[in-house]
Each structure stands twice: as C-alpha cells, then as structure tokens.
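# Coordinates in review
So the chains spell out like this:
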Amino acid sequence: MPATLRLYRRLAVAAGPLAPLLLKRRLKQGKEDPARINERRGLARQPRPAGPLVWIHGASVGEVLAAAALIERLRALDIGVLVTSGTVTSAAVAAKRFPPDIIHQYIPYDSPRFVERFLDHWQPDLALFIESDLWPNLILAGASRRVPIVLINGRMSRRSFPRWRRASRTIGALLSRFDICLVQSEIDAERFTALGGRNVVITGNLKLDVQAPPADETRLERLLFVTRGRPVVVAASTHPGEEEILLNAHQTLARDFPSLLTVIVPRHPDRGEAIARMVIGSGAQAARRSLEQLPTANTNIYIADTIGEMGLFYRVAPIVFMGGSLVPHGGQNPIEAVKLNASIVHGPHVFNFPDVYGALDSAGGACRVDDGDVLTKRLGYLLNEPAAREAAATAASQVVEKLGGALDRTLAALEPYLLQLRLERRAGDA
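Keep in mind it's a predicted model, so treat the numbers as computed, not measured.

Cut-offs used in this document
Residues numbered from 1 in each chain as written. Predicted model: local features only at pLDDT ≥ 70, side-chain atom pairs only at ≥ 80, totals over all residues. Heavy atoms only, no water. Salt bridge = Lys/Arg side-chain N within 4 Å of Asp/Glu carboxyl O. Buried < 20%, exposed > 50% of the residue type's maximum accessible area, 1.4 Å probe, protein only. Helix = DSSP H or I, 4+ residues; strand = E, 2+ residues; numbered from the N terminus. Core = buried A, V, L, I, M, F, W, Y, C linked by side-chain atoms within 4.5 Å. Contact = heavy atoms within 4.5 Å. Axes fitted to C-alpha atoms, helices over the stretch in contact; angles between N-to-C directions. Parallel < 35°, antiparallel > 145°, perpendicular 65-115°, else oblique. Left-handed = near helix turned anticlockwise from the far one by under 90°. Nonpolar A, V, L, I, M, F, W, Y, C, P; charged D, E, K, R; others polar. Pairing = 2+ DSSP bridges.

## Brief notes about the pattern of salt bridges
This model, assessed by the stated rule, comprises 20 salt bridges. Across the salt bridge formed by Arg40 and Glu32, the nearest N and O atoms sit 3.1 Å from each other. You can call Arg40 buried: its relative accessible area is 4%. The class of Glu32 is buried, set by a relative accessible area of 5%. Between Arg155 and Glu131 there is a salt bridge, and its shortest N-O distance comes to 3.4 Å. Taken together, the residues span a long stretch of sequence, with Arg155 in the loop between β5 (149-154) and α8 (160-165) and Glu131 in the loop between β4 (126-130) and α7 (136-144) at a distance of 24 residues. For the pair Arg155 and Glu131, one class covers both residues: buried. One network of salt bridges, in which partners are shared, links Arg26, Glu32 and Arg40.

## Observations concerning the nonpolar core
Most often, soluble globular proteins keep nonpolar side chains buried together rather than apart. One finds Val234, Val263, Phe313, Tyr314, Val320, Met322 and Ile344 to be the most contacted residues of the largest nonpolar core, which totals 36 residues. Of the residues forming this core, the biggest block, 4 residues, is contributed by helix α14 (residues 310-314). Apart from the residues within four sequence positions on either side, Tyr314 is in contact with Pro213, Val234, Ala236, Val320, Met322, Glu336, Ala337 and Leu340. The next biggest cluster of nonpolar side chains, apart from the first, holds 32 residues, and it includes Leu151, Met156, Phe161 and Leu195.

## A short note on the side chain of Arg289
Among the structural elements, Arg289 can be located in the loop between β10 (286-288) and β11 (301-303). Judged by its relative accessible area of 12%, Arg289 falls in the buried class. Sequence-distant contacts of Arg289, defined by excluding residues within four places in its chain, comprise Arg219, Leu294, Tyr302, Ile303, Ala304, Asp305, Thr306, Glu309, Leu312 and Phe313.

## Details of unusual backbone geometry
Phi at Asn199 takes a positive value of approximately 50°, unusual for a residue other than glycine. Relative to the elements of secondary structure, Asn199 occurs in the loop between α10 (186-194) and β7 (200-202). With a phi angle near 60°, Glu292 is a residue other than glycine that sits in the positive phi range. As for its placement among the helices and strands, Glu292 is situated in the loop between β10 and β11. Judged by its relative accessible area of 76%, Glu292 is exposed.

## Topic: the packing of helix α12 (residues 242-253) against helix α17 (residues 372-384)
Between α12 and α17, whose axes approach to 9 Å, the crossing angle comes to 50°. The orientation of α12 relative to α17 falls into the category oblique. Seen along the crossing, α12 lies across α17 with a hand that is right-handed. From α12, Ile245, Leu246, Ala249, Thr252 and Leu253 reach across to α17, where they touch Gly372, Leu375, Thr376, Leu379, Gly380 and Leu383. Residues that form the contact of α12 with α17 fall into these classes: 7 nonpolar, 4 polar and no charged.

## As for the sheet that holds strand β1 (residues 53-57)
By way of backbone hydrogen bonds, the strands of a sheet pair with one another, either parallel or antiparallel. Read from one edge to the other, the open sheet built from 7 strands follows the order β3-β2-β1-β4-β5-β6-β7, with strand pairing classed as parallel. Edge strands, defined here as strands with exactly one partner in the open sheet, are β3 (103-106) and β7. The average angle at which neighbouring strand axes cross in this sheet is 20°, direction not considered. Sheet topology places β1 next to β4; 4 bridges connect them, and they run parallel. Following the sheet pairing, His57 is matched in β4 by Phe129. Contacting β2 (80-85) and β3, helix α5 (residues 88-97) crosses the sheet at an angle of about 170° to β3.

No statement about biological role is implied by the geometric values presented.
This is the structure:
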C-alpha cells in the first residue's frame, strides 16, 4: 500500500472523534438529515434483507438517477439492492423515484470504524461504484473482505486526470482493487488505464439510457392550466451567476413576448429565497414553488425550488436552457430534457458531458450560446419559430437514440457476477 494511503488511513482514524463536530456543522448548513445522521457513522436503521445484495454507490443526484434503469433490471432478477449517496437531495430523489424495497442509506464517512460498521451490517455481495466517487477506506475494506468491486459508468474529467497523474501510485492502488472498470468513452478508457485501472471496458454513458422523468398527473394538469397560452422557457439546474443572466434575458424578451414565463430550477433548491429576492429587487414578479405558489398572470419568473419535479417542468416548456454551462461548472445532463422533446440551449462550459453536447450541437439538436446577449437572441428565435424548435427536438432524440445502449453493455459485463448471485439465491432457497 502506498505511503499516501497509509497516511490517509491514520488521519481518518485520528479524525474519527471530530465527526460529531463535522456533523453538527453540516446539520446547521442543511447538508444532513437529522433523522438519519447515524447512517454517516455506519449505523443502519433497518435490517439487511435476506439473500444476495448488490451495493450501488453514487455521489449525488445525477449518479443515482443514472443507475435507475440498472436498479430496475436487478429487481427483475430478484436481487436485493442497496443504494448509497452523500447528499440530502439525492436521498430525496431516491425516495421519490425508487420502489420501497430499494434500500437507500447515506454513505458513511470514510473513517475505518464507520466503514467497518457499514460493511459488517450490510455484507454486500457485489459493490458497484458509479463514475468516480472513490472513497479509499471503503474500497480497501471492501476488497479486503473479497467483495467484488466494479466501477460502472466510469468518467475521468480533464480536470481530475492531471491531478490523479500526480498521485499515480495512490490512484493506481485504489483502481487495482476494482475487478473491472466499465467506462463511458475511449478517452475515459485511456485515462483509467494510464492511472492503473485493470480490465477497462468501454460501455458508454448510462445517463443516455435514463427514462424520461415522471410527473404527477394532477400537478401537471394544474400547471398546464395556469400557464395555458403563455410562452414558457425552463432554465434547468442553474448555478450562481446564471440566474442574473436569465433574468436579464427574460426582461429583454418580454418586450416582444409580454406574457413570457421563465421557470428557474436551481440546482440547489435552498437558493430559492435568494433568487426570489434578486428577481423582486429588479422589479419583476416572482413566485416560489416551495411555498406552494403557482404562477399567476402577473408572474414573470417562477422559481421551482423543489426536489424531484423536473419531469413536470420539462413537460410544460418546449425550450430548455441547461444550467451549469454559462459558468465554469461543466454543464448538467441534458438527456432527460431531450427525452421530453425539448429544444436545448446551453453555455460554453459543458466539459462534464463533452461527447453528448458535441454530438447534439453537431446534429442541430442543441445550440451553444457564449453569453447573455447570444442566449437572449437564441431564445427569441426559438420562441418565434415553432418549426425550428421541433426540428431541434427531433435531431436531439435521434442523437440520444444512436448513442444509447450503455445499460445493455453494462449488464453484459456484469453478467458473470449476477449469475453467481442468482446461483447463490437458488441454493439458499433450496
């Protein structure tokens, strides 16, 4: 084991007594669920289900949703599933999107004591880590127990790769514990191989195979009723700095489209109040969904500061701006919007999904805008040209269909492990 990992382990042990202070701070910040705080210490609130159990870990909302179709396939095989993630938002989404028999737990802090508690209780038969959320003590402890560990939907960003290259022995020691690394693209395969990954296989991006997000029919009908006859633009998963640009674009476009409604869905819903203050300070009218407000005829900006309702807003608007792209965050996943026939607009910073946005832009299924002025012009064009909106949505759907198939390739790569679990279940039932 490299000296860096030995040092990390010693520091994690030493930091264990500080966990209460960290948890207290995160509770104040709204980053932890007080009812489930013990899960961070590796303490479970429910028993382990009988039979084989697959543990799937993803950092946050995007990773958890990327695994949704895979989880459904595992359920169909009568295999138990434990999902872990690290954010309150992802826990809320898991509760909304997954059936009750899919267990969700917060990932324990990466202290050896908490990790051992977690593994002692759940005793997973197979561990699947999504993309690149790699916790050293979890990986090392799982491997020491001979739990097969597989990386799925692996991604190594252009930012992360040079940082890991400088710590090649450390990342190599972690990646060597993975039985197989299933990655999204050729460039990801090259990077994981260079860092010491074994059995690196390109399976594609699971996020391209996600289903269209659901929407509550009653809420959808109500929202469609109150927005009937109005042009609507949705700004999805926005980040600080983008809402001001969108507000300026709305105010300019409202000269030609007086009834325009812009729906802003912040990536972090707890920013809703601050966004509302900014909108009201500009003289515009705002309504907030978290306060159970619906847009009225006078509402200019509807702030959708809730969790798990993207399917609702994508169904209301034919034009979607994908956030995290006018600021250097890297862009958000456009696939769910594409699957609900949206015309996609995005900024220049989409390095989290370069292949997807590159293919969409080349085919005319999405349009890049570099600043607020170009954004305003593009939105105005799409609002004026329904045929252009439809053409872009059709082109985007064709791109996504062509790029899909990662789910089947991932399942094929996992088949030897899943076959073993099915045999164990049959033996246990006999």
